[in-house]
Amino acid sequence: MQTDNIQERGARMRSVGILSTSHASLGRYQSFLAEQATQLNKQSGDYSRLQQFFTAVTEQSAASPAGSRSALSPFATQLDLLPLSSDHFVHFIHFFGANVMLIWKALMLQRRILFYTPVPVGVVCQRVHAACQLLLFTSAKVNVFTDPNPLFYINLNDMDEIERERTFVACTTEKIFGEKRYLCDVYIDNQNLMINSRQTAVLKLTKGDVKRFRAIKAKLTESSSNQNSPSDRVVSANPLSALSPSEKLKQFFLDLNNHLLRSLAEASVEGREISPGDLVDFGLHKSDTDFMRELIRVYQLKIELLSQSIPAGCSLFT
């Protein structure tokens with residue numbers, strides 16, 4: 001904020017922050033913190049609102065049952081990430097192309113993903129953020145899913161810690177991590193995805209991935225056409241038509257994840273037997289058999305995936 005105070009050399013700046021166990025939970029408080037920083041510029045020394053906030057959060061945390069998520073714990077919902085620029089998310093999709101589906105699969109399977117880039121690190125931090133957006137879901141029926149554990153920037157001092165992590169999404173500027181491949185399952189250097197040899201069976205591009213990415217490109221093309229068309233001034237009966245390209249992409253993954261996770265949960269409750277031909281009911285393709293089999297294993301679902309489809313008119317007898 002500009003000021004006439006000579007001692008402040010014409011400018012006054014205040015920063016307000018909170019300590020949390022994860023970046024992911026800060027999104028809920030971003031607007032409040034920004035408001036308080038602005039207020040402190042105008043009324044320096046008035047911390048009453050911040051003190052009230054601290055007291056309220058402390059009491060809420062103390063009242064939470066042991067083991068439950070407090071107000072500042074990570075991923076209270078999948079929408080708690082700090083807002084990501086729409087341009088960044090669209091660029092992320094364009095940048096990785098069809099390989100974005102491999103990143104999606106790795107996240108769904110709770111794999112360890114590490115982005116590498118030379119300094120500066122800002123761009124690759126945005127990629128970590130964008131990757132987490134691929135996992136948006138709202139289905140209340142899903143109780144088998146965990147958060148992607150976004151660690152953001154890591155360096156050699158974090159090696160012991162990340163070696164203990166079962167899943168994470170992180171980034172680094174230290175090239176030596178490329179030689180320590182045991183620390184991650186997917187190492188991403190620019191647009192080059194290097195998959196750990198033990199993961200190649202489940203993390204491979206399939207016909208289903210190609211089909212899903214074509215649907216993504218169609219949404220981007222549709223958005224571009226709508227923006228360039230004079231008719232976009234007319235309010236459409238379809239509410240999705242008013243969404244930005246970034247919002248349409250997020251809606252695509254939201255629908256994909258909700259459908260898949262809800263169907264998995266329901267099939268597990270029923271103890272269902274399914275065949276590759278049934279994968280379309282989960283929003284997948286019959287080429288995604290290895291991916292589905294690994295989902296069942298990772299989440300310990302009570303689903304039996306048969307090795308081949310049952311011909312029409314045939315039944316299984318036990």
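One structure accompanies this document, and this report is about it.

Basis of the calculations
Residues numbered from 1 in each chain as written. Predicted model: local features only at pLDDT ≥ 70, side-chain atom pairs only at ≥ 80, totals over all residues. Heavy atoms only, no water. Pairing = 2+ DSSP bridges. Helix = DSSP H or I, 4+ residues; strand = E, 2+ residues; numbered from the N terminus. Axes fitted to C-alpha atoms, helices over the stretch in contact; angles between N-to-C directions. Salt bridge = Lys/Arg side-chain N within 4 Å of Asp/Glu carboxyl O. Buried < 20%, exposed > 50% of the residue type's maximum accessible area, 1.4 Å probe, protein only. Phe/Tyr/Trp six-rings, centres within 6.5 Å; stacked < 30°, edge-to-face > 60°. Contact = heavy atoms within 4.5 Å.

One open sheet holds the five strands; their spatial order is E2-E3-E1-E4-E5, and the pairing between them is mixed. Because the sheet does not close on itself, it has two edges, and the strands there are strand E2 (150-153) and strand E5 (192-195). Sheet twist, expressed as the mean angle between neighbouring strand axes with direction ignored, is 15 degrees. As defined by bridge partners, strand E1 (residues 112-116) adjoins strand E4 (residues 186-189) across four bridges and the pair is classed as parallel. Note that in E4 the partner of Leu 114 across the bridge is Tyr 187.

For the rest of this paragraph, the subject is the pattern of salt bridges. Per the stated rule, a full pass over the model turns up 13 salt bridges. When the shortest N-O distance is used, the salt bridge between Lys 105 and Asp 288 registers 3.8 Å. With Lys 105 in helix H4 (residues 100-108) and Asp 288 in the loop between strand E6 (273-274) and helix H9 (289-298), this pair connects stretches of sequence that are 183 residues apart. The pair formed by Lys 105 and Asp 288 is uniform in burial state, with each residue classed as buried.

Considering all chains together, one arrives at seven aromatic pairs under this definition. With centroids separated by 5.1 Å and ring planes inclined at 65 degrees, the aromatic side chains of Phe 92 and Phe 96 adopt a geometry described as edge-to-face. Taken together, the positions of Phe 92 and Phe 96, both in helix H3 (residues 86-96) and four residues apart, correspond to about one turn of that helix. Overall, Phe 92 belongs to the buried group, its relative accessible area being 2%. Phe 96 gets classed as buried once you look at its relative accessible area, which sits at 5%. Here Trp 104 and Phe 291 contribute two aromatic rings whose centre-to-centre distance is 5.5 Å and whose plane-to-plane angle is 50 degrees, an arrangement assigned as tilted. Residue Trp 104 is located in helix H4, and its partner Phe 291 is located in helix H9; the two are separated by 187 residues in the primary sequence. For the pair formed by Trp 104 and Phe 291, the shared burial category is buried. Chaining the aromatic ring pairs together yields one cluster made of Phe 92, Phe 95, Phe 96 and Phe 115.

Mapped onto the elements of the fold, Asp 281 is located in the loop between E6 and H9. In contact with Asp 281, other than residues within four places in its own chain, are His 259 and Ser 263.

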